[in-house]
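Residue-level structural notes
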Amino acid sequence: MRSYGGRVFRPGFAICAAALILTLHSTSAQTDLTVSIQVDTATAIAPMTPMWAWFGNDEPNYAYMKDGKKLLSELAALSPVPVFFRTHNLLTTGDGTAALKWGSTNAYTEDSDGKPRYDWTIVDRIFDTYLERKIKPMVQIGFMPEALSTKPVPYRHFWKPGDNYNDIYTGWAYPPNDYDKWRELVYQWVRHSVQKYGQREVESWWWEVWNEPDIGYWRGTQDEFLKLYDYAADGLKRALPTARIGGPEVTGPNGMRTQQILRNFLEHCLRGTNYATGKTGAPLDFVTFHAKGAPQVMPDGHVRMSVSNQLRAINNGFGIVASFPELAKIPIVIGESDPEGCAACPVRTNPSNAYRNGTMFSSYTAEQLFRTYELADLHKVNLLGSLSWAFEFEDQPYFDGFRDLATNGIDKPVLNTFRMLAQMSTGQRVKATSTAGLPLEDVRDRSVRQQPDVSALATRDARSANVLVWNYHDDDLPGPAARVELAIEGLPAGRPTLTHYRIDGDHSNSYAVWKSMGSPQSPTSAQYTQLEKAGQLATLEAPRRVDVKEGRVVVTFTLPRQGVSLLRLTW
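Scope of this entry: the structure provided in the associated data block. (Residues numbered from 1 in each chain as written. Predicted model: local features only at pLDDT ≥ 70, side-chain atom pairs only at ≥ 80, totals over all residues. Heavy atoms only, no water.)

Before going further, it helps to examine the overall build of the protein chain. When helices and strands are counted, the protein chain shows 13 helices and 26 strands. Relative to the 2.2 N^0.38 estimate, which gives 25 Å for 571 residues, the radius of gyration of the protein chain is 24 Å and therefore close to what a compact globule would have. Seen through its principal axes, the protein chain has C-alpha atoms that stretch 75 × 50 × 45 Å. Of all 571 residues assigned to the protein chain, the portion counted as buried reaches 61%. Here the analysis covers contacts within the protein chain between residues at least 6 apart in sequence; of these, 79% occur between residues at least 24 apart. Total accessible area on the protein chain is roughly 20,800 Å²; 50% of this is exposed by carbon and sulfur atoms. Computed over 60 positive and 62 negative side-chain charges, the inter-centroid distance for the protein chain is 3 Å. (Helix = DSSP H or I, 4+ residues; strand = E, 2+ residues; numbered from the N terminus. Rg over C-alpha atoms; globule rule 2.2 N^0.38 Å. Buried < 20%, exposed > 50% of the residue type's maximum accessible area, 1.4 Å probe, protein only. Contact = heavy atoms within 4.5 Å. Areas by Shrake-Rupley, 256 points an atom, 1.4 Å probe, with all protein chains shown as cover. Lys, Arg positive; Asp, Glu negative; His and termini not counted. Charge placed at Lys NZ, Arg CZ, Asp CG, Glu CD.)

Structure (structure tokens):
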């Protein structure tokens, strides 16, 4: 297989794919879309909550490694609000050696008499790395320490890309052999955290139990998972009654089984008999579930995304939570919200992941997050976070097609979508309409398979108005550019400064620059510096002053397929 600008084509289809590309390029030149976008900054929709400022990964030990620390610093720097970070394996037994789909802390072991030993050295190192950068932990209580597992052998897995994914589910995925020891482990962890970081700091964290208990991550029954949750929550609340805990982090609730598991968990927390206390109900301070898309390689070799698969999972999860009147105001965190399900599966073993290096990922992210805001509005739920399960993979080849935000310390285009959102993170979302914007229901139910979606997300605060615009289509192929006329209304009189940021083939795109260098796996120092610069958010043109006429500013520009623009007016 070979790639075209981040798109993968099979050699047997090279001729027809090339013909298709030429046709599309020709069509693009002749039939650019004409799009009118109207923004009314005087009509507020809802607060611009920073639900995008949540990230995570499988491998906790990457946090304190070279490129991990660099990327955490960048995430903290881009956001004016605290970034939350979720990771697996915080209680997994091992020496802290990092590997794909693996991590460990050795927090819990037992002596020869079965007496618990607690060692928080590696856990503290991870959390210290976060907190030094003012990043907040979303603390996942898991996985099962070897000494507590009901089936500890085999325990350490050695999965690599191309292996059977189920190979990762080893002794860490089983229930505890002693629930009282499990509860005490959680109690000691929270107690230690309060002693080290202070009560006020730990109160600002969010704690959760396990990950995806509806699939192989949990080798017990669903009743055993509820018991696991109850005992963990009891230990946490005993150590710090004001600590916040939630769950259940099920996979995307598109199937009836997963939907029922989510419902059963919520019902148990509200009205079930608590396994740890014998009382009615269990602590529940927030609700979590996952949502994933489903890209596929088409017969001609290009990748087709499925944003609708991800949005339907979000829609279903919101609907289930909203069906419980008692949970009308409970915060919701989509604990993993991504284009597909395996961050550690690179394009060389999973061709459908060829979208990850270039502008398909950045434009998809803009589309998906905007629609997630709309779905939260539709269901009237309290969306706290939409977590991107993407970070970095230490010591892997450059641009190897992992689902990450940076590769070897070089920021990918998708990270610049979050830099754009960070500049919009205060004030109110305001009304924006586009003549080429698709209805929410169409995108949720049918994805973006016919005409592209050229839509806008707009915000207004006391000193600025911001409009994010993207040109998205599920098919990772060249397509028509959009000629956009953007009218922003309801502005104060004066001459604000217009700054136009852009992600496309020529801006904020380290991948394009890396390919232009010949795709070096050992870039020179000068090349690396150039790639670092190319990975930053770039402007389309120099900032300039514009006139507000009758409360209105009009801007025209061309937005290529997969392009994302942020137009920012400041006064």
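What follows covers the pattern of salt bridges. Oppositely charged side chains may form a pair once their charged atoms are brought near each other. In this structure the tally under the stated criterion is 39 salt bridges. The partner of Lys-66 in a salt bridge is Asp-67, with the nearest N and O atoms 2.9 Å apart. With a relative accessible area of 59%, Lys-66 lands in the exposed category. Its relative accessible area of 5% is what places Asp-67 among the buried residues. The residue Glu-532 makes a salt bridge to Lys-70 at a minimum N-O spacing of 2.6 Å. With Glu-532 in helix H13 (residues 525-534) and Lys-70 in helix H2 (residues 66-78), this pair connects stretches of sequence that are 462 residues apart. Where salt bridges share partners, they join Arg-86, Glu-208, Glu-249, Lys-292, Glu-336, Asp-338, Glu-340, Arg-356 and Arg-403 into one cluster. (Salt bridge = Lys/Arg side-chain N within 4 Å of Asp/Glu carboxyl O.)

Note the cis peptide between Val-153 and Pro-154, where omega equals -5°. Among the secondary structure elements, Pro-154 is positioned in the loop between strand E8 (136-141) and helix H4 (179-197). A cis geometry characterises the amide bond from Gly-247 onward to Pro-248, with omega recorded as 5°. Considering the arrangement of structural elements, one finds Pro-248 in strand E10 (residues 244-250). In this model, Asn-106 sits at a positive phi of 60°, which is unusual for a non-glycine residue. Within the element layout of this structure, Asn-106 appears in the loop between strand E5 (84-87) and strand E6 (108-110). The phi dihedral of Glu-249 falls on the positive side, at around 60°, and the residue is not glycine. Along the polypeptide, Glu-249 turns up in strand E10. Accessibility expressed as a relative area gives 0% for Glu-249, which makes it buried.

Owing to its 3.6 residues per turn, the α-helix brings residues three or four apart onto one side. With 13 residues, H2 extends 19 Å from end C-alpha to end C-alpha; this agrees with the ideal 18 Å at 1.5 Å per step. Among the residues of H2, those classed as buried are Asp-67, Gly-68, Leu-71, Leu-72, Glu-74, Leu-75 and Leu-78. Down the axis, H2 shows its buried residues gathered within 160° of arc, on one side only. Among the exposed residues of H2, those oriented more than 90 degrees off its buried face are Lys-66 and Ala-77. On its buried face, H2 is in contact with strand E4 (54-57), E5, helix H3 (121-132), strand E16 (406-407), strand E17 (410-411) and helix H10 (413-422). (Expected span 1.5 Å × (residues − 1). Arc of directions from axis to C-beta.)

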